[in-house]
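# Geometric and topological summary
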Amino acid sequence: MSTSLSSLLVSGMALFGVPAGAAIQNLQVKPFEIDLSQGVPHMLDLIRNTRLPSSDYVAATESTNDTVSTGMPLHTLKDLRNKWVSDFNWDKEQASINKLSHFTVKIEGIDVHFVHEVSGSPSAIPIILLHGWPGTFLEMVPLIDLLVPKSQPKGKSANVTFDVVIPSLPGFGFSSDPPTKGWQVKDTARVFNKLMTQALGYQHYAVHGSDWGSAVAYSQYEQFNTTVRAAHLNFLPFNPPTEEDIAAKNVTLSPREEDAARRGTEWQTGGNGYFLEQTTKPNDIGLALYDSPVGQLVWIGQKFIIWSDPRQGTGPSLLTHDEILREVSLYYLTKSFVSSVYIYAQNPNGFRGGDYSNVKAPTDAPLLWSTFRYNIAFWPKEYVAAVGNLVSYKFHDFGGHFPGLDNPPALADDIRDIGKYWAH
């Protein structure tokens, strides 16, 4: 590359919020625009022509309690389908998503897609926000305006701003599939560390993760303790303790924590059938639903509904039926459903055993934690403290497994607390 062309590229990337250091590492960061409109007519035809039963099976049960629900109720599916074909507009959604600053970069053979929004403040804390399954990068988008504010928010951490990076996990959305059969979350952690340090030029950064994103984030926290200098999680890549485990350790819970623990037990005993299927036979469910948008809606949408606060779509929650359709449309139109479920099969031990002795990450970087009452798993403070340098543990009555959508203000406030402990 000539000096003049290199300088032009660096200047152009700077306009999009990419640090000049990105060009030094020979990783070509390129602006990216979403254009999936070509697949929409076929998707809508399939949705319209999918036949559904006239009534629910007599044994079907409906509840937000995982153990007594038999899955998405037929009337909910019909409401969602009707909205999909009559009211939902992908082109409008796509235009909104394209207002974000999208990029791609090839790292270790993977085309990594990411959103990068910068605050312009020299003291901004770089942070990478990591989604899980069945989420996408869209799960973290509501946090952008809260962490990269156009005007300073009020509050005790009001002066803390962030440079936000939101990647799509390998095999999700616009990121290409993992290049090897044995690809694991530790490999994704390595790639994302290169994204932050080599492609974007940050010497130190913070991480946040949920679901599989927590496994990647914790692996970064654990492996790269000189570059990852703070972590915030609302899920752990460790099997959650049972109510019996908690009682045996004489851990005292508040009434609302007891309720969260019960919900976690319900998921472990009656809500994890999808986990076993995707871990052992990902191709079966993947191929069965590959060209079935309504099938993907049932499989994915049910999780968004049952794993979230029953009050979803009200108050601080942005988790409406529109948002569920946006997430499912992205899976279908990017043809990433099959590759996304393989994260389970490729990481059969991605969520580690329930022994919390001698598991603390070898780092002094602060670990911050948020519990949202309607999550599918619960970890008391004592268990979180066993895996890292815990400095903050908070409990929220509103929200569930997708707090970036279900209670973004509370999640952003907790992430912003990283500023109290940031030393770089």
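Keep in mind the model is a prediction, meaning the values are calculated, not measured.

Thresholds, definitions, all that
- Residues numbered from 1 in each chain as written.
- Predicted model: local features only at pLDDT ≥ 70, side-chain atom pairs only at ≥ 80, totals over all residues.
- Heavy atoms only, no water.
- Buried < 20%, exposed > 50% of the residue type's maximum accessible area, 1.4 Å probe, protein only.
- Helix = DSSP H or I, 4+ residues; strand = E, 2+ residues; numbered from the N terminus.
- Pairing = 2+ DSSP bridges.
- Arc of directions from axis to C-beta.
- Contact = heavy atoms within 4.5 Å.
- Polar contact = N/O pair within 3.5 Å; in protein donor to acceptor, adjacent residues only side chain to side chain.
- 1 Å grid on protein atoms, 1.4 Å probe; cavity = no way out; pocket = protein on both sides within 12 Å on 5 of 7 lines; lining within 4 Å.
- Points joined across faces, edges and corners; volume = space filled by probe spheres on them.
- Nonpolar A, V, L, I, M, F, W, Y, C, P; charged D, E, K, R; others polar.
- Salt bridge = Lys/Arg side-chain N within 4 Å of Asp/Glu carboxyl O.

### Some words on the pairing of strand S5 (residues 162–167)
When you tally the buried positions in S5, you get 6 out of 6 residues, the bulk of the element. Neither face of S5 is open: one carries Phe-162, Val-164 and Ile-166, the other Asp-163, Val-165 and Pro-167, and all of them are buried. The pairing of strand S3 (residues 110–117) with S5 spans 4 bridges and is antiparallel. Note that in S5 the partner of Phe-114 across the bridge is Pro-167. With 4 bridges joining them, strand S4 (residues 125–130) and S5 adopt parallel strand pairing. Across the sheet, Pro-126 pairs through a bridge with Asp-163, a residue of S5.

### Let's talk about helix H4 (residues 90–97)
An α-helical turn contains 3.6 residues, so a residue and the one three or four places further along point in the same direction. Of all the positions in H4, only Trp-90, Glu-93, Gln-94 and Ile-97 are classed as buried. Buried residues along H4 cover an arc of 100° about the axis, so they all sit on one side. Here the buried face of H4 lies against helix H2 (40–49), strand S2 (102–107) and helix H13 (321–333). Capping the start of H4, Asn-89 holds a side-chain oxygen 3.0 Å from the backbone nitrogen of Asp-91, two or three residues further along.

### Description of empty space enclosed by the protein
To locate leftover empty space, one rolls a probe as large as a water molecule over the atoms. What the rule picks out here adds up to 3 cavities of 30 Å³ or more. Approximately 100 Å³ is the volume attributed to the largest cavity. Lining of the largest cavity is provided by 13 residues; of these, Pro-170, Pro-178, Trp-183, Thr-188 and Ile-343 occupy positions nearest its centre. Elements with a minimum of two residues in the lining of the largest cavity: helix H6 (185–199) and helix H14 (337–345). The residue inventory of the lining of the largest cavity, partitioned by class, reads 8 nonpolar, 5 polar and no charged.

### Side note on the pattern of salt bridges
Scanning all chains against the criterion turns up 20 salt bridges. With a closest N to O distance of 3.0 Å, Asp-187 and Arg-190 form a salt bridge. On the criterion of helical spacing, the pair formed by Asp-187 and Arg-190 is a turn pair, its members being 3 residues apart in helix H6. Linking Glu-222 and Arg-352 is a salt bridge whose minimum nitrogen-to-oxygen distance equals 2.9 Å. Note that Glu-222 is positioned in helix H7 (residues 212–223) and Arg-352 in the loop between H14 and strand S8 (366–374), a separation of 130 residues in sequence.

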